[in-house]
Amino acid sequence: MSRVNLQDARVRLDELVDRAEAGDTVVIIRNGQPVARLVGWDDGGDPEASGHEGRGRRPGKGIDLNRLRALTARIPLQSEEAGDFVRRMRDEDRF
C-alpha cells in the first residue's frame, strides 16, 4: 500500500492509476488524514455488479427515506420561480 499526498496525486495520477491497475493500493492523504483509496478494477464489468455501488458514502449512514419525505413535505413551496429569484437578488445586489 502506498500513501501519497493530494498534491502529488494530482500531478502523478497516470502513474498512480498504473500502480493500482498492477494491484497496488494507493491511499491519498489530505492534511495528514487518508481521504481516498485508489484500487484496481477487479472484474472489468459493471460497477453495480462489483460491490462498489456504495462508494462515497460513509458506512452506517444510510438515508431514511420516510424521514426525508416527511421533512420535504413540511417545506413550503416558493411563490417565486428560481430564475426570477436569482435575477431579483442579482439586481438588488444582495448575494
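Below: a short report on this structure. What you are looking at is a predicted structure, and each value in this text was computed from that prediction instead of being measured.

As enumerated under the stated definition, the model contains 7 salt bridges in all. Linking R87 and D84 is a salt bridge whose minimum nitrogen-to-oxygen distance equals 3.1 Å. Of this pair, R87 and D84 both sit in helix α4 (residues 82–91), 3 residues apart, which is roughly one turn of that helix. For D84, a relative accessible area of 38% translates into the label partly exposed. The salt bridge partner of D91 is R90, with a shortest N-O separation of 3.2 Å. On the accessibility criterion, D91 (59% relative accessible area) is exposed. Here R90 falls in the partly exposed class, since its relative accessible area comes to 48%.

Formed by V4, A9, L16, V26 and I28, the largest nonpolar core amounts to 5 residues. Excluding residues within four positions of it along the chain, I28 makes contact with V4, L6, A9, Q33, P34, V35 and A36.

Attention now moves to the pairing of strand β2 (residues 26–30). Across the 5 residues of β2, 4 count as buried, placing the element largely inside the fold. Sheet topology places strand β1 (residues 2–5) next to β2; 4 bridges connect them, and they run parallel. Across the sheet, residue S2 finds its bridge partner in β2, namely V26. Pairing analysis gives 5 bridges linking β2 to strand β3 (residues 33–38), with the strands arranged antiparallel. Bridged to I29 within β3 is P34. A loop of 2 residues connects β2 with β3, the two strands running antiparallel in sequence, and N31 in this loop sits at a positive phi of about 55 degrees.

Calculation criteria
- Residues numbered from 1 in each chain as written.
- Predicted model: local features only at pLDDT ≥ 70, side-chain atom pairs only at ≥ 80, totals over all residues.
- Heavy atoms only, no water.
- Salt bridge = Lys/Arg side-chain N within 4 Å of Asp/Glu carboxyl O.
- Helix = DSSP H or I, 4+ residues; strand = E, 2+ residues; numbered from the N terminus.
- Buried < 20%, exposed > 50% of the residue type's maximum accessible area, 1.4 Å probe, protein only.
- Core = buried A, V, L, I, M, F, W, Y, C linked by side-chain atoms within 4.5 Å.
- Contact = heavy atoms within 4.5 Å.
- Pairing = 2+ DSSP bridges.

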